[in-house]
Amino acid sequence: MAETILFAVENGVATLTLNRPDRLNALNRTMTAEILEALRLCTRDAAVRCLVITGAGRGFCAGQDLEEFQMLEGPDTVGDHLRRGFNQIALGLYTLEKPVIAQINGVAAGAGLGVALAADMRIASDKARFAAAFIGIGLAPDSGVSWLLPRLVGPGKAFEMLAGGAVVDAAEAMRLGLANQVTPAEELDSTVAALAQRLAQAPTRGIGLTKRVLHRAATLTLAEALEYEAQVQDIAIGTADHREGVAAFLAKRPPRFTGA
Ligand code: LHQ
């Protein structure tokens with residue numbers, strides 16, 4: 001039984017709720033371990049075809065629990081702490097071969113911004129705020145933010161947020177491409193539930209392979225990306241959902257994708 005998160009799978013959608021609302025869902029060691037365990041489950045359970053990550057209460061995630069961090073003892077450096085914890089969360093979300101939606105209900109700060117950025121889409125409430133927060137405590141970015149943020153908002157805005165501490169509200173996040181969609185707070189749950197349901201009924205392996213090519217293409221030349229696409233398409237063409245999609249099209253009926 002998890003202490004710091006809620007985790008449930010229903011109709012193909014796993015919902016992971018960070019659940020320390022009185023700390024704005026700041027990440028402590030227990031929460032980090034529980035998120036990693038939930039990600040392992042999402043990876044291996046074929047019944048999970050979409051992951052939604054969100055926060056309980058008024059925050060999404062305020063980053064490292066600074067109170068706990070002050071009290072951590074032992075030989076580990078902060079680098080060790082990151083390698084074992086937040087780095088694994090960022091990579092786990094980013095490389096999960098299933099769609100990941102961050103449901104940004106409130107403030108996402110520091111490593112919490114990293115969690116939001118590592119998702120495939122960010123659906124934000126109009127009460128959401130995005131804060132790098134690292135510089136506020138004299139730190140450089142971690143948790144993947146230095147890599148993910150400039151790819152979404154461009155280097156100039158990333159610098160403003162990372163070095164200047166600029167906090168971005170929901171409307172600006174939408175303009176910047178940081179949020180895919182902004183909804184009134186009271187419509188956030190239903191908007192994300194509908195999107196997650198659509199994604200959970202889509203060709204899951206095709207989505208996973210789409211993530212694979214998108215991520216790989218970012219570091220390739222066009223010629224290399226074309227070759228990689230060709231290799232991955234050889235995999236996609238062998239999926240049951242590809243066959244179903246073509247059969248449904250030819251029969252003029254809606255497809256029934258199974259994720260296989
Ligand atoms: C918190 C936190 C928090 C504990 C709010 N911890 N209690 C990696 C490795 C090693 C070291 C450090 O960091 C990292 C990566 C990082 O994540 S660095 C960035 C760490 N996070 C921050 O610096 C953010 C700190 N929080 C804030 O600046 C504000 O709380 C924000 C802007 C997030 C929200 O402001 P408000 O909406 O005004 O809320 P609040 O400040 O009143 O917070 C509500 C409660 O949550 C409050 O407790 P209290 O007992 O007074 O009600 C805060 O102390 C607690 N809280 N963040 N990270």
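In the block above lies the structure referred to throughout.
Residues numbered from 1 in each chain as written. Predicted model: local features only at pLDDT ≥ 70, side-chain atom pairs only at ≥ 80, totals over all residues. Heavy atoms only, no water.

Q: Residue-level account of the pattern of salt bridges, with values.
A: All chains considered together, the criterion is met by eleven salt bridges. One salt bridge connects arginine 40 with glutamate 37, and the closest N-O pair in it is separated by 3.0 Å. Within this pair, arginine 40 and its partner glutamate 37 are both found in helix H1 (residues 29-44), separated by three residues, close to a single helical turn. For arginine 40, a relative accessible area of 43% corresponds to the partly exposed category. (Salt bridge = Lys/Arg side-chain N within 4 Å of Asp/Glu carboxyl O. Helix = DSSP H or I, 4+ residues; strand = E, 2+ residues; numbered from the N terminus. Buried < 20%, exposed > 50% of the residue type's maximum accessible area, 1.4 Å probe, protein only.)

Q: So what about empty space enclosed by the protein? Which residues, and what values?
A: Which parts of space are left empty comes out when a probe the size of a water molecule is rolled across the atoms. Across all of its chains, the model carries one cavity of 30 Å³ or more by this definition. Contributing to the lining of the largest cavity are Phe86, Ile89, Ala90, Ala111, Gly114, Val115 and Ser143. Elements supplying a minimum of two residues to the lining of the largest cavity: helix H4 (86-95) and helix H5 (111-118). (1 Å grid on protein atoms, 1.4 Å probe; cavity = no way out; pocket = protein on both sides within 12 Å on 5 of 7 lines; lining within 4 Å. Points joined across faces, edges and corners; volume = space filled by probe spheres on them.)

Q: Could you give me a rundown of the site of the ligand, with the residues and numbers involved?
A: With respect to spatial proximity, 22 residues lie near the ligand, and among them Arg23, Arg58, Gln64, Leu66 and Ala111 are the closest. In this structure, arginine 58 approaches the ligand through a side-chain N or O atom, which is 2.9 Å from an oxygen atom. Interatomic distance of 3.0 Å between a backbone N/O atom of alanine 62 and a nitrogen atom of the ligand. In isolation the ligand offers 1000 Å² of accessible surface; the protein chains occlude 67% of this area. (Near = heavy atom within 4 Å. Polar contact = N/O pair within 3.5 Å; in protein donor to acceptor, adjacent residues only side chain to side chain. Areas by Shrake-Rupley, 256 points an atom, 1.4 Å probe, with all protein chains shown as cover.)

Q: Residues and numbers for a nonpolar patch on the surface, please.
A: On the surface, Leu66, Ile137 and Leu139 cluster together into a nonpolar patch covering about 270 Å² of accessible area. Its location among the elements puts leucine 66 in helix H2 (residues 66-71). (Patch = residues over 30% accessible without salt bridge, like charges linked within 9 Å, V, L, I, M, F, W, Y side chains within 5 Å.)

Q: Quick one: what's the story with the sheet that holds strand E6 (residues 107-109), residue by residue and with numbers?
A: With mixed pairing, the four strands of this open sheet are ordered in space as E4-E6-E8-E9. Two strands lie at the open edges of the sheet, namely strand E4 (59-61) and strand E9 (167-169), each paired on one side alone. Strand after strand, the sheet turns through a mean of 15° between neighbouring axes, direction not considered. (Pairing = 2+ DSSP bridges. Axes fitted to C-alpha atoms, helices over the stretch in contact; angles between N-to-C directions.)

Q: So what about the nonpolar core? Which residues, and what values?
A: Core analysis: the biggest nonpolar cluster contains 51 residues, and Ile35, Leu51, Ile104, Phe130, Leu149 and Leu178 have the highest contact counts within it. Apart from residues no more than four positions distant in its own chain, isoleucine 35 is found in contact with Ile5, Leu16, Leu18, Leu27 and Ile89. Residues Cys50, Ile123, Val192 and Ala196 belong to the second largest nonpolar core, which totals 13 residues. (Core = buried A, V, L, I, M, F, W, Y, C linked by side-chain atoms within 4.5 Å. Contact = heavy atoms within 4.5 Å.)

Q: Before we move on, could you go through the layout of surface pockets and cite the residues and values that matter?
A: Computed from the structure, the largest pocket encloses a volume of approximately 420 Å³. Around the largest pocket sit 19 residues that line it, and Tyr94, Ala119, Asp120, Leu214 and His215 are the ones nearest its centre. The set of elements that each furnish at least two residues to the lining of the largest pocket consists of H5, strand E7 (121-125), helix H6 (145-153) and helix H10 (204-217). For the lining of the largest pocket, the residue count by class is 13 nonpolar, two polar and four charged. (Nonpolar A, V, L, I, M, F, W, Y, C, P; charged D, E, K, R; others polar.)

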